[in-house]
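Tertiary structure, described
These are the residues of each chain, in order.
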Amino acid sequence: MSFQSSLDSILFLIAQVSEAVPASAPSGGEGAPAGPAGGGFMGMLPFLMAVILIMYFLTIRPQQKRDRERRDMLDALAKGDEVVTVGGICGKVVGISDADVVLRVDDEVKIKFIRSSISHVIKDKQDGK
């Protein structure tokens, strides 16, 4: 769903609400509707939809984007990459499989980690030159 189509949907809902509630609605006395003001659930539906859309764009969509970026980073791991684990251990990837990663943390020290425990890949400053 693109941003423009989402914006169009929200504007359509706002237009529907403004048509459903006339500006000259009676404020009480004779001619006042006997039911709840605003038409009950149907009057609340556009507001509820707007809240759901706002929650989607503020919480769910950014989290999905972060998850996708993390999954792509883990899929792109290769031997020789310098990484940091979620525990803060820095090392160089010397072995990799579908589920595990072996890091060299010192000259003769190798530690095996679960692949998902890799926090991020360290980018070399020399790569940008």
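Owing to the predicted nature of the structure, the values given are computational and were not obtained by experimental measurement. (Residues numbered from 1 in each chain as written. Predicted model: local features only at pLDDT ≥ 70, side-chain atom pairs only at ≥ 80, totals over all residues. Heavy atoms only, no water.)

**A short note on a positive patch on the surface**
Quick note on the threshold: In this analysis, a patch consists of residues with relative accessible area above 30% that form no salt bridge, clustered at 9 Å for like charges and at 5 Å for the nonpolar side chains Val, Leu, Ile, Met, Phe, Trp and Tyr. Here, Shrake-Rupley sampling with a 1.4 Å probe gives the accessible areas, and only protein chains in the shown set may cover a residue. One speaks of a salt bridge when a side-chain nitrogen belonging to Lys or Arg is within 4 Å of a carboxyl oxygen belonging to Asp or Glu. Neither His nor the chain ends contribute to the count of charged residues, in which Lys and Arg are positive and Asp and Glu negative. One atom stands in for each charge, and that atom is NZ of Lys, CZ of Arg, CG of Asp or CD of Glu. Under the DSSP-based scheme used, a helix requires at least four consecutive residues in state H or I and a strand at least two consecutive residues in state E, with every element numbered from the N terminus.
Together, Arg-61, Lys-65, Arg-68 and Arg-71 make up a positively charged patch on the protein surface. Residue position: Arg-68 is located in helix H2 (residues 41-75).

**Points about the pattern of salt bridges**
Note the cut-off: Working definition: with a 1.4 Å probe on protein chains only, accessible area under 20% of the residue-type maximum means buried, over 50% means exposed, and in between means partly exposed.
Applying the stated criterion to the full structure yields one salt bridge. Where Lys-112 meets Asp-100, a salt bridge forms, and the shortest distance between an N and an O atom there is 3.4 Å. Separated by twelve residues along the polypeptide, Lys-112 in strand S4 (residues 109-114) and Asp-100 in strand S3 (residues 100-106) bring together distant segments of the chain. Residue class for Lys-112 comes out exposed when judged on its relative accessible area of 61%.

**Points about H2**
Quick reminder: α-helices carry 3.6 residues per turn. Residues three or four places apart thus point the same way. So the rule is basically this: Two axes define the bend at a residue: one fitted to the seven residues ending there, one fitted to the seven starting there, and the bend is the angle between them.
The sharpest bend along H2 reaches about 40° and sits at Tyr-56. Within H2 the residues assigned to the buried category are Pro-46, Leu-53, Met-73 and Leu-74.

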